[in-house]
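Now for the letters of each chain:
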Amino acid sequence: MTALVVASTAAPTIGTAQTSHSQSITECTTITDPGVYTLGTDITNATASPCLDIESSDVVVDGNGHTLTGDGDGVAVNANQTESRTADGHANVTVRDLTVDSWGTGLNFVFAPNATATDLTVTETAIGVQVGSLDTRPGYETASDGAMVRNSTFEHVESAVRTAGSNRIEVVDNAITTYETVGIRLDTVNDAIVSGNDVVATAESGDAIQVRTSDPAVNDGSSDNVVASNRIVNGAITVEHASDDVTNTHLVDNEVVNGSIAVGLARGVPTQTRVANNTLTHSDITVSFASAVTIEDNVLANPGTGPRGSIALRNAGSNTVRNNTISGAETGVVMSQLATDNTITANTITDTDVGVSLRSNSYNNTIEGNTLADNAIGVEVSFVDSTDDRANDIRGNDIMNNTDGIFVRALDRNLVVEGNDIQHNEHGITLRASAVCSPTAEGAAFVAVHDNRIANNTAYGVLNQNADVVNATSNYWGASDGPSSAADVDAPFADPVTGTLANGSGAAVSEDPNSAGQSNVHFDAWLQQAPEDVGAGNQSAT
């Protein structure tokens, strides 16, 4: 074993040719050879930066429960091989069982493949652990592929773990509290796993976990990353797509409380993001300006006051929302701001103000096979005045026990309502009068209501408050003799096209406000029994 060398202008240097014996460290130093190096004492108020400078592969720094205390600046432990274009990286460096307090950066792994940071406590430090870099000087390597940060605690930090320009990173089983900018960041990283972390944010904190790409030229962006089984409190898991440079991200099996999952900033680009099997309480999932996102098998529960929209698609296209269970939100699923080509299917949404809302000029969306029950409104379609003629479709849903099963207002584009089981609501379908639609139609004329079961609704099967007629032929009204008329001195009302009277025993239709004794619902001809494939459960008529 070589002697400890002390120079007047630099930290001491430790070198060893033996890897089987541990050497004791009692002050800041430079490590130049492989081996196990164990802190023999706390090192306090260190002014050297870095305090421990690792210039070799196959090094283990065992903190042995001791603390490196700095002055709020500099690097505590540095394994950074970026001084030469040709040198190999410092591989297989492990730092364990160490407390790091009051540094600019706790651990810095740059061009340090397979580095491991484990069983750390990092406090009052700007960056807890830095893995890799986006330094793109020609010929210089900065990636720390295969690095791992695990079983560590970070508190009162700006950022706990930041990774950049590297692949196959693992950040697992860490506890992060009282951070400022970001808990865990994957920046231009591929094939990473972020799992089992507990991240608790404050009102001033940034994202809990963030996947992004700052420089698409490095690593061809970020792809195939997995964020799984983390617990997030008061924070967000975000996927930021600048263009097509963040793809195949999987956000699965996470628990989010008072926070959110957000995917955004890449409208029209196939992001292939999957948000699945997460449990969210008082939290939401938002997709903004993004495409090809699948949101499935999540449970969103909001006892008391819920978020404005549990799942929100804003200016987002070609996304799928399916098999989610949502309760207690202001809106279960909302599509707005030119949301297009989205599919909302097989979800169960209960106890909300609005189960599914389609608004703000969104078009060519499909709401299909959902169970929407015990809401104020099952499906709301409002303020749709797109220049695109493609219709929005409401098909094959179970819409039951709501105040309004389907509520439509301010509509100036086609809407298809087909094959739904609309029962036990106060109003099966309500078409609200509005002054903002086109001069030639108030909205009802754009609605086609066919092949539904509209039955057992206490006030109206179809309530049309517009002067124009809604086409509601070929529906089953709950009785073979067709619909009834709402209670009125002018009842029964005549079909506005055929003149047939709505004098059956089925659900009621409304009267034209401008023509006494005439309905503004074109109901004739009707079905004498429910279609066999009506509703989400494809129930047969009884």
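Residues numbered from 1 in each chain as written. Predicted model: local features only at pLDDT ≥ 70, side-chain atom pairs only at ≥ 80, totals over all residues. Heavy atoms only, no water.

1. Some thoughts on the pairing of strand β5 (residues 35–39)
And then number 1: Of all five residues in β5, four are buried, a share of seventy percent or more.
And then number 2: Of the strand pairs in this sheet, strand β3 (residues 22–25) and β5 are connected by four bridges, and their pairing is parallel. Paired with Q23 across the strands is Y37, a residue of β5.
And then number 3: Inspection of the sheet shows β5 paired to strand β7 (residues 59–62) by four bridges, in the parallel sense. Within β7, the residue paired with G35 across the bridge is V59. (Buried < 20%, exposed > 50% of the residue type's maximum accessible area, 1.4 Å probe, protein only. Helix = DSSP H or I, 4+ residues; strand = E, 2+ residues; numbered from the N terminus. Pairing = 2+ DSSP bridges.)

2. A few points about the pairing of strand β14 (residues 153–164)
And then number 1: Inspection of the sheet shows strand β12 (residues 116–131) paired to β14 by eight bridges, in the parallel sense. Looking at β14, one finds that T125 is bridged to V157.
And then number 2: Two strands pair when backbone bridges link them, and β14 and strand β16 (residues 175–187) are joined in this way by nine bridges, in the parallel orientation. Among the inter-strand pairings, V161 is bridged to a residue of β16, identified as I184.

3. Describing the nonpolar core
And then number 1: One finds L68 and F109 to be the most contacted residues of the largest nonpolar core, which totals 108 residues.
And then number 2: Considering each element in turn, this core owes the most residues, five residues, to β12.
And then number 3: Dropping the residues within four chain positions of it, L68 is found in contact with L39, I43, C51, L52, A76, V77, L98, T99, V100, D101 and W103. (Core = buried A, V, L, I, M, F, W, Y, C linked by side-chain atoms within 4.5 Å. Contact = heavy atoms within 4.5 Å.)

4. Looking at the environment of N315
And then number 1: Structurally, the position occupied by N315 is in the loop between β33 (311–314) and β34 (320–322).
And then number 2: Classification of N315 by relative accessible area gives buried; the value is 18%.
And then number 3: Residues N315 and G264, spaced 51 residues apart in sequence, show a C-alpha to C-alpha distance of 9.8 Å.

5. Observations regarding the confidence of the model for the protein
And then number 1: Taken residue by residue, the protein gives an average pLDDT of 88. The fraction at 70 or more is 88%.
And then number 2: Within the model, pLDDT remains below 50 along residues 1–10, and this stretch shows ten contacts once partners closer than five positions in the same chain are excluded.
And then number 3: In this model residues 15–20 is a low-confidence stretch, pLDDT under 50, and it forms 16 contacts with partners more than four residues away in sequence or in other chains. (pLDDT = per-residue confidence, 0-100.)

6. Remarks on the side chain of D512
And then number 1: Among the secondary structure elements, D512 is positioned in the loop between β54 (508–509) and β55 (521–522).
And then number 2: One buried charged residue, D512, remains without a salt bridge, the closest side chain of opposite sign being R432 at 15 Å.
And then number 3: From its side chain, D512 meets the backbone nitrogen of N514 in a polar contact 2.9 Å long.
And then number 4: Among all residues touching D512, those that are not within four sequence positions of it are A467, Q518, S519 and N520. (Lys, Arg positive; Asp, Glu negative; His and termini not counted. Salt bridge = Lys/Arg side-chain N within 4 Å of Asp/Glu carboxyl O. Polar contact = N/O pair within 3.5 Å; in protein donor to acceptor, adjacent residues only side chain to side chain.)

7. Quick notes on the state of the cysteines
And then number 1: Applying the stated rule across the entire model yields one disulfide.
And then number 2: The side chain of C28 participates in a disulfide bridge whose partner is C51; the two sulfur atoms lie 2.2 Å from each other. On the sign convention where negative means left-handed, the S-S torsion of about -90° between C28 and C51 marks this disulfide as left-handed. Of this pair, C28 sits in the loop between β3 and β4 (29–31) while C51 sits in the loop between β5 and β6 (52–54), and the two are 23 residues apart along the sequence.
And then number 3: Relative accessible area serves as the criterion here: at 0%, C51 is assigned to the buried category. (Disulfide = S-S within 2.5 Å.)

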